[in-house]
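Coordinate inspection notes
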Amino acid sequence: MTAGPRLVLLGRQGSGKGTQAEMLAERFGINHLSTGTMLRDSAHAGIAAGLEAKALMDQGELVADEKVIAVVEERFSNPAEISRGFVLDGFPRTRVQATALQRILESAPLDLVIDLEVPEDIVVTRLLERGRADDTEDAIRRRLDLYESETAPLIELYGTLDIIERVNGIGDPDAIHKQLIDLVEGRVERLHASV
Ligand code: AMP
């Protein structure tokens, strides 16, 4: 079996990366790993660490690197999870997480990082319309600030590794999806052998 693509989606909250990650996972038959969803699930399950994380999530703060890294490490402890291929959504969000990811993936490095670009004013409108319980205006502002200070530097980092593509995230989700498929297939030579 040919291994699936190993992808990361970067983008502000509300950029549509969750939707695009889901569609890519389905298209390529790979895992969709959202650390936000994993953290919310552990909070719903009433796990103490999850409840602690939820308080931070509700305020728009980041959960501690070591906690999020442990969640991802656990998922990737089975090498088959890596070789099957994956799209990471919401991870890494900091330099420390990006370094940990490189270590976790070892000999199967990332194929492509996609930065879904949507300006701040547009994502604020989208998030307020989405109306999730943790989407208060203060929390949204805090998340956007943290995106600029903690996550945006990763764009440069992945740029130096020459594995990042920047995509305009405004427009029809299906059209954006097609664009992403082309980028992934263009990058990941080994996919051509499997189709
Ligand atoms: P998301 O579902 O990706 O929008 O994430 C929701 C919230 O979960 C974020 O605002 C953070 O509080 C937390 N979270 C998710 N992923 C991470 C991560 N990689 N690092 C730190 N906190 C995270």
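Here the structure is a predicted model, which means the values were calculated and not measured.

**Some words on helix α6 (residues 95-105)**
Looking at α6, one finds that the buried residues are Q97, A98, A100, L101, I104 and L105. For α6, the arc enclosing every buried residue in end-on projection is 160°, short of the 170-degree limit, so these residues lie on one face. Where α6 is buried, its residues contact β1 (6-10), α4 (65-75), α5 (79-83), β3 (86-89) and α9 (153-160). In the segment just after α6, E106 is the residue with positive phi, at about 45°.

**What about the pairing of β1?**
For β1, the buried fraction is high: five of the five residues fall into the buried class. Burial along β1 is two-sided: R6, V8 and L10 and L7 and L9, pointing in opposite directions, are all buried. Relative to β3, β1 is paired through four bridges, and the arrangement is parallel. Looking at β3, one finds that L9 is bridged to D89. Of the pairings in the sheet, the one linking β1 to strand β4 (residues 112-117) comprises four bridges and is parallel in character. Paired with L9 across the strands is I114, a residue of β4.

Thresholds, definitions, all that
Residues numbered from 1 in each chain as written. Predicted model: local features only at pLDDT ≥ 70, side-chain atom pairs only at ≥ 80, totals over all residues. Heavy atoms only, no water. Buried < 20%, exposed > 50% of the residue type's maximum accessible area, 1.4 Å probe, protein only. Helix = DSSP H or I, 4+ residues; strand = E, 2+ residues; numbered from the N terminus. Arc of directions from axis to C-beta. Contact = heavy atoms within 4.5 Å. Pairing = 2+ DSSP bridges.

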